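So you can see what is in the structure, the chains are spelled out below.
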Amino acid sequence: YSREARKKMGQLLTDIPVDIVHLHNIYHHISPSILPEIKKRNIPIVMTLHDYKLIAPNYTLFHHGAVHEEDAKGWYWSTTKNKSVKNSRLQSAVLQSEMIIHHKLLKYYEKYVDKFIAPSEFIMNLCIKYGWPREKFIHIPHYAEKPTTSSSKKEGDYVAYVGRIAEEKGLRTLLEAAKLSPNIPYVIVGEGPLKAELEKRVQKEQITNVEFTGFLTGKALNKRITEARLLVVPSIWYENYPLSILEPKAAAQVVIGSSIGGIPELLPKALLVSPGDAAELD
């Protein structure tokens, strides 16, 4: 709760006429303190769901290598027991307490947000499963603009992954798939907490067909996407409606993804693989 944020929001709404407020990820920095300040002026509030913070203290529902839906049940007791937040019992207890206060006692989001925008049907249905009323949600998928590319676009021979390099993204599985197909180049674009581990593993196990480019943006990123033979999203967590699939699809690229979370809403069954299954991905 931020008194400063509430005060500044009140001043903003006094100075500038606002018809509707659209929220994104306000949980810990701006905080829900702004919600009653908006609502007392009878301004409608909508909020896009980018993660699972409405139902669980751990935003992703993913920890210790797997999805844990039990953290969304009841009063979130398994969060502290499982050390769901950064493998810390203390941090887990703090966020469990926050959820109890904000959702079970004060009901900030329940009372003040008029509609939640769900990019995937999956995230909407999971929230409903854990107690939210259906009428609170509207399903509006993300979109990606079609890139402007030359008709002489070169198609490469590599498989590309573009995104955050983290455990939940299934990149350990991708390395296993690369080992099973040593004649196919794999390009991993991005940064993240798992990158150093994966680079050491590639070196130690002499996996010669994997390249890490680091973070790319603009033309360099677009080139890696459009010149790939295909792209892969091997996630092992409940992806919502990932841009890592939308953007390549907008560029008319083939994408293979895990059959988990909202990914099946974006890809045909023939392009889905079981999460964590390197042989199937290969």
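Here goes a summary of the coordinates provided. (Residues numbered from 1 in each chain as written. Predicted model: local features only at pLDDT ≥ 70, side-chain atom pairs only at ≥ 80, totals over all residues. Heavy atoms only, no water.)

**Considering the pattern of salt bridges**
Next, step 1: A full pass over the atoms with the stated rule returns 18 salt bridges.
Next, step 2: Here Glu 4 and Lys 8 are joined by a salt bridge, their closest N and O atoms 2.9 Å apart. One end of the pair, Glu 4, and the other, Lys 8, are both in helix H1 (residues 3-15), four residues apart, so they sit about a helical turn from each other. As far as burial versus exposure is concerned, Glu 4 and Lys 8 are alike and both exposed. (Salt bridge = Lys/Arg side-chain N within 4 Å of Asp/Glu carboxyl O. Helix = DSSP H or I, 4+ residues; strand = E, 2+ residues; numbered from the N terminus. Buried < 20%, exposed > 50% of the residue type's maximum accessible area, 1.4 Å probe, protein only.)

**Here's the deal with helix H7 (residues 171-180)**
Next, step 1: Within H7, burial applies to Leu 171, Thr 173, Leu 174, Leu 175, Ala 177 and Ala 178.
Next, step 2: Looking at the packing, one finds that the buried side of H7 touches strand S7 (159-162), strand S8 (186-189), helix H8 (195-204), strand S9 (210-214), strand S10 (230-233) and helix H11 (278-281). (Contact = heavy atoms within 4.5 Å.)

**Quick look at a nonpolar patch on the surface**
Next, step 1: On the surface, a nonpolar cluster with roughly 540 Å² of combined accessible area is contributed by Trp 75, Trp 77, Ile 101, Leu 105 and Leu 106.
Next, step 2: Note on placement: Leu 106 falls in the loop between helix H4 (89-105) and helix H5 (108-112). (Patch = residues over 30% accessible without salt bridge, like charges linked within 9 Å, V, L, I, M, F, W, Y side chains within 5 Å. Areas by Shrake-Rupley, 256 points an atom, 1.4 Å probe, with all protein chains shown as cover.)

**Some points on the packing of H7 against H8**
Next, step 1: The interhelical angle for the contact between H7 and H8, taken along N-to-C directions, is 20°, at an axis separation of 11 Å. Looking at the two axes, H7 sits roughly parallel to H8. Helix-helix and strand crossings are classified by hand; for H7 and H8 the assignment is right-handed. Contact residues: Leu 171, Arg 172, Leu 175, Glu 176 and Lys 179 in H7; Glu 197, Leu 198, Arg 201 and Val 202 in H8. (Axes fitted to C-alpha atoms, helices over the stretch in contact; angles between N-to-C directions. Parallel < 35°, antiparallel > 145°, perpendicular 65-115°, else oblique. Left-handed = near helix turned anticlockwise from the far one by under 90°.)

Geometry only, nothing functional implied.
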